[in-house]
Amino acid sequence: MGEGPPIETEPTFTVRECRRDLIRALYPERRAGAGRYNSAMNSLESECLELKAAGVVDEATASRVMALQRGSIFSVFEELRFILYAAVAAITTGVGLLLKENMDRIGPAMLSGMLLLAALGCYVTAVRRLIHGKTRSIGGDYVLLLGALIASADLGYAESQFHWLGPQWQRHLLILAAFHAAAAYGFNARLLLSVSLACLAAWFGSEGQIATLLDAVGPRSHVGTQAIICAATILAWRAAHQGLRGPAQFEAVFEHFAANIGFWGAMTLCISPRSRLMGLAILIALALACAVKALRGKEEMFAIYASAYTSFTLCCLEAQVIGYSLAAALLQLATVVSGALLLWNFHERLRALPA
Amino acid sequence: MKALRPSPQQERWIVAAARLHLGSNCPLIAERIGGWKTPSVTARCAFFVLGAVAAALTLSIFELLHLPRALFPSGVFMLMAAEWLMLREHLFHAGVEEALWAGGLLAGVLLYVQMSGDVGLRVAFLIALALAVAGTRLLNSLFVTLAAVAASFAIDLAGVHQLFAGPGLAVPASLFCYSIGAIALFAGCLEFRRPSHDQMLNWLVVTMPLCGFLWLVWEHAIVIRVLTGTVNAMFAVAALVIGLRRRAHAPLVACLVCLGCLAYQLRDLTALSLEAKLILWGSAALLLALGLDRYLRKPRRGVTSIQIGEGGSALDLLQLAGGGALNPKSIETGAQFKGSGGTFGGGGADGSY
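Residues numbered from 1 in each chain as written. Chains lettered and ligands numbered in written order. Predicted model: local features only at pLDDT ≥ 70, side-chain atom pairs only at ≥ 80, totals over all residues. Heavy atoms only, no water.

Some details on the overall build of chain B
Okay, step 1: Per the secondary structure count, chain B includes 13 helices and 1 strand.
Okay, step 2: For chain B, the N- to C-terminal ordering of α and β elements is α-α-α-α-α-α-α-α-α-α-α-α-β-α.
Okay, step 3: Taken against the 2.2 N^0.38 rule, which gives 20 Å for 353 residues, the C-alpha radius of gyration of chain B at 26 Å runs more than 25% over that of a compact globule.
Okay, step 4: Taking the principal axes of the C-alpha coordinates as reference, chain B spans close to 90 × 65 × 50 Å.
Okay, step 5: Counting the 353 residues in chain B, one finds 45% classified as buried.
Okay, step 6: Pairs at least 24 residues apart make up 62% of the contacts formed inside chain B by residues separated by at least 6 positions.
Okay, step 7: For chain B, the distance from the average position of its 26 positive side-chain charges to the average position of its 19 negative side-chain charges is 9 Å. (Helix = DSSP H or I, 4+ residues; strand = E, 2+ residues; numbered from the N terminus. Rg over C-alpha atoms; globule rule 2.2 N^0.38 Å. Buried < 20%, exposed > 50% of the residue type's maximum accessible area, 1.4 Å probe, protein only. Contact = heavy atoms within 4.5 Å. Lys, Arg positive; Asp, Glu negative; His and termini not counted. Charge placed at Lys NZ, Arg CZ, Asp CG, Glu CD.)

Quick look at the structure:
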């Protein structure tokens, strides 16, 4: 029968088209010509066919995977995401440099106004789509993110020039967190929620940098406490979000941010001699909470947080308390091995849970 | 006889199970993968980090025991532990055994450096060899790629350039990297039974052109910049065509990386300031991506911009973290009042104007 029919210019990817290709694919001698684009590359078609024949996967799943393997459908979503992120990063870096280099040359009102217009332009595209009831694509998400980042830079710059908030200038981060949160809920955009949470964390002083950890014993030892309070605030927000039946896709954002900021805070407290015991207690509590979350929600990432953060913190603690010695090294090795075994145990238990 | 690693067919089933989110609790999968255990990519990375820390601690312990040539027994111990994990526990691509294996071999290289005091060509060659052996034994794409990078260092040390210590240019090392990248790009048309071999080629396709560029990035001579720009442009075009023809992601990523390198080499094309260039290049890339997104929303010859399936949760997390990381740092304003008279013209009591 030879080659499959050519793909139409504007096809709809229907089960019928997949089945037509699948029927041809059952005949090995015709498989090479059945609309395959990557006939020479490693393809898992035979394995998918066997799973489908055994009833392990349903037809729709098998069709989708086989079409992907054969190259009948090829998504460049991830590549576009990469380009969009790089573009937004370049623009925001350029905007930051523009503000830094031209603070004295261009009037603050003019510069701030230009940034405001740029940010509004980004938001307008999202508003238009919202009004027309259209779904935003990945491109639209990143334009919205760009608008949010320019707005953040604009407000920060305006505050540094006009001092609207006086000595409480850091409150502009709280204003930004609230603004981005409102936009996130308005546009149902997870990326904006992550920017909002980052602003909130910055207001609490949780930059999450290694330098913060190293400064834990110095004048900034309160950073750990602030991070814990930040994590608790995010969890309270999440609880309110659930109570008010907000978008389900936001919950994971809250949880991951709270887990990472919470563990960061616990690590900082553990390293600071004055708050070591409290830090250890919080670390263990967080690890247990993440372990339960991992098992209940089948989310491996929380098991990784629990074991990796705990192992790393305990190793640092052991090095601090015992010092560089054979006993410390052996204890640290035992800690790391235990962490790895625990993580493996979680991994096996998660795999054994029903889907 | 115990298998040293999964057979090609077993490995294909391991990859198929991962793609379809099937665990070893499925009887068919359990039968086909032959008892080999492989975690997810995220867990593998976490295990690799834990394994690397364990390897470093093992080295410290043997040093603290004041054993003669402590690096040798520690290396052997790590290799034995890694092999035990693979042969007895049937771990494959689990991260921890990979870190221990690489750590064991690199301990041997460190021992050579300790004994000979040599830190030049031979060491680079030994590192390349150690990583190549580890990559081949473990079917690890990262180690194979690092072996190629280490080999480029060895080639540079063997030549005139000598890692910036000599007068020449790092052209041989750069050519080597570009050649490996090109060979990997065109070798992708060959059919391999093992998915690992495809992955090795993918890593080389993406990484080696970047390494070739980085070897010459410090050279400001126009000829070098034109040459590297041209090579990167040609590689980008070839990778784009091959990626679309083969429906493969790695060549497309390589195309984007090469275009980034080309953009860097064109940085002095205009007299605009750095911030203006960043904003313009960023805007151009944004418009291109938006245009492609719109154009490919309906599949064109099977190529679409719509996300097929659930997508990688690790990439989603990375996106969220990246979005938060782009948040501009707050501009910390200084004190508004200085009791000592200030620094602006009218004060001067502190003599600072």
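Describing the environment of Trp281 of chain B
Residue and element names in this part refer to chain B.
Okay, step 1: Mapped onto the secondary structure, Trp281 falls in helix H12 (residues 274-295).
Okay, step 2: A residue is classified by how much of its surface remains accessible, and Trp281, at 43% relative accessible area, is partly exposed.
Okay, step 3: For the pair Trp281 and Val237, spaced 44 residues apart in the sequence, the C-alpha separation amounts to 19 Å.
Okay, step 4: Not counting residues within four places of it along the chain, the set of residues in contact with Trp281 comprises Ala263 and Leu266.

Examining the interface of chain A and chain B
Okay, step 1: The partner chain B presents 92 residues to the 104 residues of chain A that form the contact.
Okay, step 2: At the surface where chain A touches chain B, the tally comes to 3 salt bridges.
Okay, step 3: Between Asp316 of chain B and Arg81 of chain A there is a salt bridge, with the nearest N and O atoms lying 3.0 Å from each other.
Okay, step 4: For the interface between chain A and chain B, the tally reads 16 residue pairs in polar contact (both at pLDDT 80 or more).
Okay, step 5: Here the side of chain A that touches chain B gets 21 residues from one element, more than from any other, and that element is helix H5 (residues 77-101) of chain A.
Okay, step 6: Across the side of chain A that touches chain B, the residue classes break down as 59 nonpolar, 32 polar and 13 charged.
Okay, step 7: Of the pairings in the sheet, the one linking strand S1 (residues 74-75) of chain A to strand S1 (residues 303-304) of chain B comprises 2 bridges and is parallel in character. In the sheet register, Phe74 of chain A faces S1 of chain B, and the bridge partner there is Val303 of chain B. (Salt bridge = Lys/Arg side-chain N within 4 Å of Asp/Glu carboxyl O. Polar contact = N/O pair within 3.5 Å; in protein donor to acceptor, adjacent residues only side chain to side chain. Nonpolar A, V, L, I, M, F, W, Y, C, P; charged D, E, K, R; others polar. Pairing = 2+ DSSP bridges.)

A closer look at the side chain of Arg267 of chain B
Residues and elements named next belong to chain B.
Okay, step 1: Along the chain, Arg267 falls in the loop between helix H11 (249-265) and H12.
Okay, step 2: Of the buried charged residues, Arg267 lacks a salt bridge, with Asp268 as the closest side chain of opposite charge at 4.3 Å.
Okay, step 3: For Arg267, the side chain forms a polar contact with the side chain of Gln265, separated by 3.3 Å.
Okay, step 4: In contact with Arg267, other than residues within four places in its own chain, are His220, Arg225 and Lys277.

Notes on the pattern of salt bridges
Residue and element names in this part refer to chain B.
Okay, step 1: Overall, the coordinates contain 16 salt bridges over all chains when judged by the stated rule.
Okay, step 2: Between Glu83 and Arg137 there is a salt bridge, and its shortest N-O distance comes to 2.9 Å. One end of the pair, Glu83, is in helix H4 (residues 71-87); the other, Arg137, is in helix H6 (residues 121-138), and 54 residues separate them in sequence.
Okay, step 3: For Arg137, a relative accessible area of 14% gives the class buried.
Okay, step 4: The salt bridge partner of Arg225 is Asp268, with a shortest N-O separation of 2.9 Å. Placement of Arg225 in helix H10 (residues 222-246) and of Asp268 in the loop between H11 and H12 is noted, with a sequence separation of 43 residues between them.

A short note on the nonpolar core
Taken as a class, soluble globular proteins show a tendency for nonpolar side chains to be buried jointly.
Okay, step 1: Within the largest apolar cluster, 64 residues are counted, with the highest numbers of intra-cluster contacts made by Leu145, Phe187, Leu192, Ile234 and Ile261 of chain A.
Okay, step 2: Per-domain counts for this core show at least three residues from each of domain 2 (75-204) and domain 3 (205-355) of chain A.
Okay, step 3: Beyond its immediate sequence surroundings of up to four residues, Leu145 of chain A is in contact with Val88, Leu191, Leu192 and Val195 of chain A together with Gly323 and Leu326 of chain B.
Okay, step 4: In this structure, Ala266, Leu283 and Tyr305 of chain A together with Ala94 of chain B belong to the second largest nonpolar core, which totals 51 residues. (Core = buried A, V, L, I, M, F, W, Y, C linked by side-chain atoms within 4.5 Å. Domains from an automatic or database assignment.)

What about the environment of Thr125 of chain A?
All names here are of chain A.
Okay, step 1: Position of Thr125 relative to the elements: it lies in helix H6 (residues 108-131).
Okay, step 2: A relative accessible area of 39% means that Thr125 is categorised as partly exposed.
Okay, step 3: Put simply, Thr125 and Gly140 are 15 residues apart on the chain and 7.7 Å apart in space, counted from C-alpha to C-alpha.
Okay, step 4: Within the local environment of Thr125, its side chain forms a polar contact with the backbone oxygen of Cys122, the two atoms lying 2.6 Å apart.

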